[in-house]
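# Coordinates in review
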Amino acid sequence: MPIQILASDLADKIAAGEVIERPASVVKELVENSIDAGAKEIRVEIRGGGQRWMRVADDGAGIPASEVKTAFARHATSKIFSADDLFRIQTLGFRGEALPSIAAVARVTLITRARGEESGTQIKVDGGKFLDQRAAGAPAGTIVSVEDLFRHVPARLKFLKVPATEAGHSADLLAACALGFPHLRFSLVNDDRLVFQSPGTGNLIDAMVKVFGVEIASAMLQVQETNVIASEAKQSPYSNMEIASAQNPRLAMTTEIHVSGFVSPPHLTKATRKFIFLFVNQRWVQDRALAHAAVQAYHTALMVGRYPIVVLNINVPTDAVDVNVHPTKAQVRFRDPSAIFSAVQRAVRATITASAPIPAVNFPTRDFARPNAEDSQLAINLQRPHGVPSPASTVQSPDTYTPTHSHTDLPMLRVLGQIFSTYIIAEGPDGIYLVDQHAAHERVLYEQLRAERAGAQTLAPHASAGVAMQDLLDPAPIQLTPAQHAALDANKETLAAYGFRIEPFGNQTILLRAVPAALKKNEPRAALIEILDEMEQGEEPLEKSVDARLITSICKSIAVKGGMAMALEEMRELIRQLEQTASPRTCPHGRPTVIQLNVGMLEKEFGRK
Ligand code: ADP
Ligand code: MG
């Protein structure tokens, strides 16, 4: 084919693809416009996950009638004027791409009245084509409705998830807005139900109560505000840049970094990074390195796979950060990243050490923790899958072992004790075995639940024949975040099949009436919340079935955690159960459950051989 310039509607669709990935991207762009327009109250309504219909209404400045059409032109913006302005950006938008992009892939109706103008304007654009513009009565502010997103872009439509999941993304976005702009009032109405509303009091704690629930919000630690003056790192690989900075005082200047916000104490953690909210000059950014800096501040106080809850505002001079990195503006580039990361790390670390010293993990002062039934916080459920004989009958005396010719992958082990309240240490025929108690329990539960569920699906139509259920004596109400609610909606049937009986109880609250019996001794409310957090995090569409994902997250949430003391009897039972599983050497996520130090290696290390 000869080289030719793409038709403008095709070019627009391609460009739109970079900005608008899913309904929540539209919500993001529209809400950002409302914030930029100085709105105090922003109301978002969505139906069908936002794909079918959404409306964002604000009480901001509005658009003058004479400029409404221009707002839909590509690269039309009222927010920057010259290239220098790119380093002075105070607004969330500046690329002039959102309205034309949305209009290229959906049907848009915008009604607006600028403050000081008598009448308002209504404009309709569909798939990039102007349909109509007329005067219309309207309240001061702007209302944008978007219908049939991606109707003409089947490739994009195919990648959307079920409406509940898409709604969850919008809920996450509004949660972030509420945390980033506590003085504004955001609401989200999903399928005619008000699922989220921030108070707009200007107090970040009030916003956190709405987003995380009162329990978490009240446990959060306020970051001791830190002001750091960092002078530019002199490590530029380009020597001429240093010359430039020496000659040009503007480039040689220092960066003033201001960090504020809240972080969770080390014992309050989540199984996902999703509760780490970072704002750079009030812009919500998804920056792995920055999140890593915050997590690193907790040092060894966090267990593997656990993440803190963080709401951090990082303020830097506008010329110290480049926000023009990606069309979605969710990433930023810092002029001096290491200064920013270390400022974040110091601020977070100072906050958590001030609240309670971080426990240092020392090498064992006593070799093996003496197992003590009294201080055990956990009782492993001794139930077996249906039809599997209890191994208790075959348990041998704890003080002897005989090599076994078991067909399983794991020999018969003799439990010696527990170290760091996390690993079980055991002796086998050919060496020492260290068992990760959490991973091992995950494996046991995984096979148990799988067997129970398979029984339910193939043998009996009655639920009672499936996963064993346990009624809760006091079904306490649980307050969910909008995203957790969306995850619940999307996985209701599967959760029920695994033994969770959940009833609605008011707006964002549910009642947990029954849980899988395997969960009996754990804190059931916390386990459900964790499962929901895990579920909404699972993104890969083809990766695994809902069922397989749910079962791994259930196991992860209800398995005994590292850091819990276990009684000798519990450890023996866990090891016996692990030996009986089909794949005892890995947890359901594929990580090892067991590490082996064989005798030959010990003999070599000690110079016996
Ligand atoms: P950008 O936000 O990058 O400037 P957009 O395409 O999102 O680009 O919007 C184009 C222009 O339309 C904005 O610069 C602003 O002047 C105007 N505009 C869009 N939404 C609103 C709104 N809700 N209230 C007032 N003005 C708006
Ligand atoms: Mg914009």
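The structure reproduced in this document is the subject of the present report. Source: prediction; values computed, not measured.

Rules and cut-offs
Residues numbered from 1 in each chain as written. Chains lettered and ligands numbered in written order. Predicted model: local features only at pLDDT ≥ 70, side-chain atom pairs only at ≥ 80, totals over all residues. Heavy atoms only, no water. Helix = DSSP H or I, 4+ residues; strand = E, 2+ residues; numbered from the N terminus. Buried < 20%, exposed > 50% of the residue type's maximum accessible area, 1.4 Å probe, protein only. Contact = heavy atoms within 4.5 Å. Areas by Shrake-Rupley, 256 points an atom, 1.4 Å probe, with all protein chains shown as cover. Patch = residues over 30% accessible without salt bridge, like charges linked within 9 Å, V, L, I, M, F, W, Y side chains within 5 Å. Salt bridge = Lys/Arg side-chain N within 4 Å of Asp/Glu carboxyl O. Core = buried A, V, L, I, M, F, W, Y, C linked by side-chain atoms within 4.5 Å. Domains from an automatic or database assignment. Pairing = 2+ DSSP bridges. Axes fitted to C-alpha atoms, helices over the stretch in contact; angles between N-to-C directions. Near = heavy atom within 4 Å. Polar contact = N/O pair within 3.5 Å; in protein donor to acceptor, adjacent residues only side chain to side chain. Nonpolar A, V, L, I, M, F, W, Y, C, P; charged D, E, K, R; others polar. 1 Å grid on protein atoms, 1.4 Å probe; cavity = no way out; pocket = protein on both sides within 12 Å on 5 of 7 lines; lining within 4 Å. Points joined across faces, edges and corners; volume = space filled by probe spheres on them. Phe/Tyr/Trp six-rings, centres within 6.5 Å; stacked < 30°, edge-to-face > 60°. Parallel < 35°, antiparallel > 145°, perpendicular 65-115°, else oblique. Left-handed = near helix turned anticlockwise from the far one by under 90°.

## Considering the overall build of the protein
Of regular secondary structure, the protein possesses 17 helices and 26 strands. Relative to its 609 residues, the protein shows a buried fraction of 48%. Here the contacts in the protein between residues at least 6 apart in sequence split such that 71% fall between residues at least 24 apart. Per element, the accessible surface of the protein, about 29,400 Å² overall, is 55% carbon and sulfur.

## Quick look at a nonpolar patch on the surface
Taken together, the side chains of Leu6, Leu10 and Ile14 present a nonpolar region at the surface, about 270 Å² in accessible area. Looking at the secondary structure, you find Leu6 in the segment before helix H1 (8–19). Residue classification places Leu6 among the partly exposed residues on the basis of a relative accessible area of 44%.

## Things to note about the nonpolar core
If you look at the biggest cluster of nonpolar residues, it comprises 65 residues, and the most contacted ones within it are Val31, Leu179, Phe186 and Phe212. Both domain 1 (8–204) and domain 2 (220–355) contribute no fewer than three residues apiece to this core. In contact with Phe186, not counting residues within four places along its chain, are Val31, Ile35, Ile42, Leu174, Cys177, Ala178, Phe181, Phe196, Gln197 and Ser198. Membership of the second largest hydrophobic core comes to 38 residues, among which are Leu290, Leu312, Ala320 and Ala343.

## Details of the environment of Ala330
If you trace the backbone, Ala330 turns up in the loop between strand S17 (321–322) and strand S18 (333–334). The exposure class assigned to Ala330 is buried, which follows from its relative accessible area of 9%. Expressed as a C-alpha distance, the spacing of Ala330 and Phe279, which sit 51 residues apart in the sequence, is 10.0 Å.

## Regarding the sheet that holds strand S6 (residues 141–147)
Spatial ordering of the open sheet is given by S5-S4-S3-S6-S2-S1-S7-S8, a layout of eight strands whose pairing is mixed. In the strand order of this sheet, the two ends are held by strand S5 (129–136) and strand S8 (193–197), each with one partner. Taking the axes of each pair of neighbouring strands and ignoring which way they run, one obtains an average angle of 15° across the sheet. For strand S1 (residues 41–47) and strand S7 (residues 185–190), the ladder comprises six bridges, and the chain directions are parallel. In the strand pairing of S7, Glu41 is matched with Arg185.

## Observations regarding the site of ligand 1
Of all residues adjacent to ligand 1, which total 20 residues, the nearest are Asn33, Thr77, Ser78, Lys79 and Gly96. In this structure, Asp58 approaches ligand 1 through a side-chain N or O atom, which is 2.9 Å from a nitrogen atom. Within the contact set of ligand 1, an oxygen atom lies 3.0 Å away from a backbone nitrogen or oxygen of Phe94. For the shell around ligand 1, the secondary-structure elements that each account for two or more residues are helix H2 (23–36) and helix H4 (98–104). Broken down by element, the residue count for the shell around ligand 1 peaks at three residues, all from H4. Each residue belonging to the shell around ligand 1 can be placed in one class, and the counts come to eight nonpolar, eight polar and four charged.

## A look at the layout of surface pockets
The volume enclosed by the second largest pocket comes to roughly 1,400 Å³. Arg22, His169, Asp172, Trp284 and Gln286 are, among the 41 residues lining the second largest pocket, the residues nearest its centre. If one sorts the elements of the lining of the second largest pocket by residue count, helix H6 (residues 163–180) sits on top with five residues. Of the residues in the lining of the second largest pocket, the class split is 18 nonpolar, nine polar and 14 charged.

## Brief notes about the sheet that holds strand S20 (residues 423–428)
Reading across from one edge, S19-S20-S21-S26 is the order of the four strands in this open sheet, with antiparallel pairing throughout. What marks the edges here is a single partner per strand, and that holds for strand S19 (414–419) and strand S26 (594–598). Neighbour-to-neighbour, the strand axes of the sheet open up by a mean angle of 25°, direction not taken into account. Taken together, the five bridges between S19 and S20 define a ladder with antiparallel strand orientation. Across the sheet, Gln418 pairs through a bridge with Ile424, a residue of S20. On the sheet, helix H16 (residues 568–580) packs against S19, S20, strand S21 (431–436) and S26 and is oriented at approximately 120° with respect to S19.

## Some thoughts on empty space enclosed by the protein
With the rule as written, the count across this model stands at three cavities of 30 Å³ or more. In this model, the largest cavity occupies a volume close to 130 Å³. Lining the largest cavity are 15 residues, and of these Glu32, Leu92, Leu173, Cys177 and Trp284 sit closest to its centre. The class makeup of the residues in the lining of the largest cavity is 10 nonpolar, one polar and four charged.

## Focus on the side chain of Asn491
Mapped onto the secondary structure, Asn491 falls in helix H13 (residues 482–497). Side-chain polar atoms of Asn491 contact the backbone oxygen of Ala487, separated by 2.7 Å.

## Some words on the packing of aromatic side chains
Taken as a whole and assessed by the stated rule, the structure comprises four aromatic pairs. Pairing Phe212 with Phe275 gives two aromatic rings, centres 6.1 Å apart and planes at 45°, and the pair type is tilted. Here Phe212 is found in helix H7 (residues 204–212), whereas its partner Phe275 is found in the loop between strand S12 (269–270) and strand S13 (276–280), with 63 residues between them in sequence. Phe275 sits in the buried class, given a relative accessible area of 6%. Both rings, one in Phe212 and one in Phe277, keep their centres 6.1 Å apart while their planes meet at 50°; by these two values the pair is tilted. Here Phe212, found in helix H7, pairs with Phe277, found in strand S13; they are 65 residues apart in sequence, far enough to count as distant. Under the relative-accessibility criterion, Phe277 is labelled buried at 6%. Through successive ring pairs, a cluster of aromatic residues spans Phe212, Phe275, Phe277 and Trp284.

## Topic: the pairing of strand S24 (residues 501–504)
Relative to strand S25 (residues 509–516), S24 runs antiparallel, the two being bridged by four bridges. Paired with Ile502 across the bridge in S25 is Leu512. Joining the antiparallel neighbours S24 and S25 is a turn of four residues, in which Gly506 adopts a positive phi near 80°.

## Quick look at the packing of H2 against H6
Close contact between H2 and H6 brings their axes to 8 Å; oriented N to C, the two are set at 25°. Compared by their axis directions, H2 and H6 come out roughly parallel. In this structure, H2 crosses over H6, and the sense of that crossing is right-handed. Contacts from Pro23, Ala24, Val27, Lys28 and Val31 in H2 reach Glu166, His169, Ser170, Leu173, Leu174 and Cys177 in H6.

Geometric descriptors of this kind do not, in isolation, establish any biological role.
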